[in-house]
Amino acid sequence: MDIGVTTNHFEKINICLDQFISSTCAHSILLIDRSGQLIAHRGNRLKIDILSLSALTAANFGAVAEIARILGEEEFTLLFQKGMNENVYFSLIGEHVIMVTLFDNNASLGLIRLEIDKIINELSKILSCIFEKKMVPKSCLTQTF
Amino acid sequence: MGFINFSKNEIQCKIVYYGPGFCGKTTNLQYIFSKMNDETKGQIVSIDTKGDRTLFFDFLSLNLGKIRGFDIRVQLYTVPGQVHYDTTRKLVLKGMDGVVFVADSLKRQRTRNIESLTNLAKNLAEKEINIRSIPLVIQYNKRDLEGTDSEILPINLLENDLNSTLEVPSFPASALKGIGVFETLRSIGKLVVKDVSRDIMVLDKQFKS
């Protein structure tokens, strides 16, 4: 069954992500589903190929989930990659969504981890509404299909 | 699992190219990438080994234009064809909306084609998906070898091996020369969009009731 994201959901997600960016100094943030589809993105350095980044992130998480299974873990819920200038923090939100936080050396990893813990609850509520109810707004459908 | 963004009026779909090793899945994507305009395509991403074999997947994002006000964005993936990469194939199949099965026309690959199609059906069944219920198209690749020293299988034999019960659209092709590549893509694109539209109608009915 397909997933529909309404304008209302989208606005709520964007508010959460904008708040997160302003409180952490992360420069960009992406929400993707575990099959590699991009749900939302915010930030000021998104000239990178975010669709390829989404596909690779989902694949990376899938591969790491298999490593977890081999080690007898149900799942690894976060991943962190550190570069010379750019860093990426991946965190799982519920069953279906991965949050990708991109930040440079001006942002603090500790603060990002702290703020992610805060934002995850709020995002989980919105995302569970999208993924579990799979509700599609009647007005949009009757207008377009 | 199509992803419908009502805020951006965009539908994202995932199409997976499946088939035995060296059948030409990556070549299909490379040909599509080489012929599409820059405005409609993203970068092609490949995770392969030095021997040209796909290790994880290839990925290409395309914008197929608008249908009823919605931008249709299609993401094409390939899977590794080698038998021992089954876990990777299952990962790439996650959330797919349609499959192109690329069969190798070489006579020596006959058994591998059948094994790969059976493997696709098994991997879908593990996700509680019946192969007959998904948008599926079969491509008989390497038809350009007809008339050369390489022994290739006639189309009717390939149809009998792979498509006698599925009865899905099928296309002779040469991914290397570009023959049949876009016919295959158009066919699976239509089936996927039709399927996603039908799902939306079902959701709409559920919402009304």
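Keep in mind that this is a model prediction, so the values were computed, not measured. (Residues numbered from 1 in each chain as written. Chains lettered and ligands numbered in written order. Predicted model: local features only at pLDDT ≥ 70, side-chain atom pairs only at ≥ 80, totals over all residues. Heavy atoms only, no water.)

Participant: Help me understand the sheet that holds strand β5 (residues 86-93) of chain A in this model?
Facilitator: Hydrogen bonds between backbone groups are what pair the strands of a sheet, and the pairing can be parallel or antiparallel. All names here are of chain A. On the basis of which strands lie adjacent, the open sheet formed by five strands has the order β3-β2-β6-β5-β4 and antiparallel pairing. The outermost strands of the open sheet, each flanked by one partner alone, are β3 (38-43) and β4 (78-82). Ignoring strand direction, the axes of neighbouring strands in this sheet form an average angle of 10°. The pairing of strand β2 (residues 28-33) with strand β6 (residues 97-104) spans six bridges and is antiparallel. Within β6, the position partnered with serine 28 by the bridge is leucine 102. Contacts from helix α1 (residues 7-24) reach β2, β3 and β6, with the element oriented near 40° to β3. Together, β2, β3, β4, β5 and β6 form the strand contacts of helix α2 (residues 50-70), whose direction differs from that of β2 by roughly 60°. (Pairing = 2+ DSSP bridges. Helix = DSSP H or I, 4+ residues; strand = E, 2+ residues; numbered from the N terminus. Axes fitted to C-alpha atoms, helices over the stretch in contact; angles between N-to-C directions. Contact = heavy atoms within 4.5 Å.)

Participant: Teacher, can you tell me more about the environment of serine 22 of chain A here?
Facilitator: Residue and element names in this part refer to chain A. Relative to the assigned elements, serine 22 resides in helix α1. The exposed category is assigned to serine 22, whose relative accessible area is 61%. C-alpha of serine 22 to C-alpha of isoleucine 119: the two residues are 97 residues apart in sequence and 13 Å apart in space. A polar contact of 3.0 Å, which involves the side chain of serine 22, links it to the backbone oxygen of glutamine 19. (Buried < 20%, exposed > 50% of the residue type's maximum accessible area, 1.4 Å probe, protein only. Polar contact = N/O pair within 3.5 Å; in protein donor to acceptor, adjacent residues only side chain to side chain.)

Participant: Hey, could you run me through α1 of chain A in this one?
Facilitator: For an α-helix the count is 3.6 residues per turn, leaving residues at separations of three or four pointing the same way. Residues and elements named next belong to chain A. Spanning 18 residues, α1 covers 26 Å between terminal C-alpha atoms, matching the ideal 26 Å at 1.5 Å per step. For α1, every residue scored as buried is listed here: His9, Phe10, Ile13, Asn14, Cys16, Leu17, Phe20, Ile21 and Thr24. Buried residues of α1, seen end-on, are gathered within an arc of 165° and therefore sit on one face of the element. Projecting away from the buried face of α1 at angles above 90 degrees are the exposed residues Ile15 and Ser22. Immediately downstream of α1, the backbone of cysteine 25 shows phi near 70°, a positive value. (Expected span 1.5 Å × (residues − 1). Arc of directions from axis to C-beta.)

Participant: Honestly, the packing of aromatic side chains in this entry has me stumped. Any pointers?
Facilitator: Remark: the centre distance and the inter-plane angle together describe each pair of aromatic rings, the angle taken between the planes. Using the criterion set out here, one finds seven aromatic pairs over all chains in the structure. On the basis of an interplanar angle of 50° and a centroid distance of 6.3 Å, the ring pair of phenylalanine 131 of chain A and phenylalanine 3 of chain B is categorised as tilted. Here the residue phenylalanine 131 of chain A occupies a position in helix α3 (residues 109-133), and phenylalanine 3 of chain B occupies one in strand β1 (residues 3-5), the pair thus bridging two chains. You'll find phenylalanine 131 of chain A and phenylalanine 3 of chain B in the same group, each marked buried. Ring centres of tyrosine 31 of chain B and phenylalanine 182 of chain B lie 6.1 Å apart, and the angle between their planes is 65°; this geometry places the pair in the edge-to-face category. On the criterion of sequence distance, the pair formed by tyrosine 31 of chain B in helix α1 (residues 25-35) and phenylalanine 182 of chain B in helix α5 (residues 181-208) is long-range, its members being 151 residues apart. The exposure classification of tyrosine 31 of chain B matches that of phenylalanine 182 of chain B, with both residues buried. Chaining the aromatic ring pairs together yields one cluster made of Phe56, Phe57, Phe59 and Tyr77 of chain B. (Phe/Tyr/Trp six-rings, centres within 6.5 Å; stacked < 30°, edge-to-face > 60°.)

Participant: Hey, could you run me through helix α2 (residues 86-93) of chain B in this one?
Facilitator: Residue and element names in this part refer to chain B. When α2 is considered as a whole, its buried residues turn out to be Asp86, Thr88, Arg89, Val92 and Leu93. Buried residues of α2, seen end-on, are gathered within an arc of 155° and therefore sit on one face of the element. In this fold, the buried residues of α2 make contact with β2 (10-18), β4 (54-67), β5 (70-78), β6 (98-104) and α3 (110-126). Downstream of α2 by one or two residues, glycine 95 has phi in the positive range, about 75°.

Participant: Which parts of the structure should I look at to understand the pairing of β5 of chain A?
Facilitator: It is a general feature of regular strands that their side chains alternate between the two faces of the sheet. Residues and elements named next belong to chain A. Counting buried positions over the eight residues of β5 gives seven, a clear majority of the element. Linking β4 to β5, which pair antiparallel, is a turn of three residues. Looking at chain direction, β5 and β6 are connected through eight bridges and run antiparallel. Paired with tyrosine 89 across the two strands is threonine 101, which belongs to β6.

Participant: Looking at this model, I keep getting lost on the confidence of the model for chain B. Mind explaining?
Facilitator: Detail in the predicted coordinates should be disregarded across regions flagged by low pLDDT. Per-residue confidence for chain B gives a mean pLDDT of 90; residues scoring 70 or more make up 92%. Predicted complex metrics record ipTM = 0.72 and pTM = 0.85. (pLDDT = per-residue confidence, 0-100.)

Participant: Looking at this model, I keep getting lost on the pairing of β5 of chain B. Mind explaining?
Facilitator: All names here are of chain B. Taking burial as the measure, the nine residues of β5 include eight buried ones, the bulk of the element. Of the pairings in the sheet, the one linking β2 to β5 comprises eight bridges and is parallel in character. Looking at β5, one finds that glutamate 10 is bridged to aspartate 71. Note: β4 against β5, seven bridges, orientation antiparallel. Within β5, the position partnered with asparagine 63 by the bridge is arginine 73. The hairpin formed by β4 and β5 contains two residues between the paired strands, and arginine 68 there has a positive phi angle of roughly 50°.

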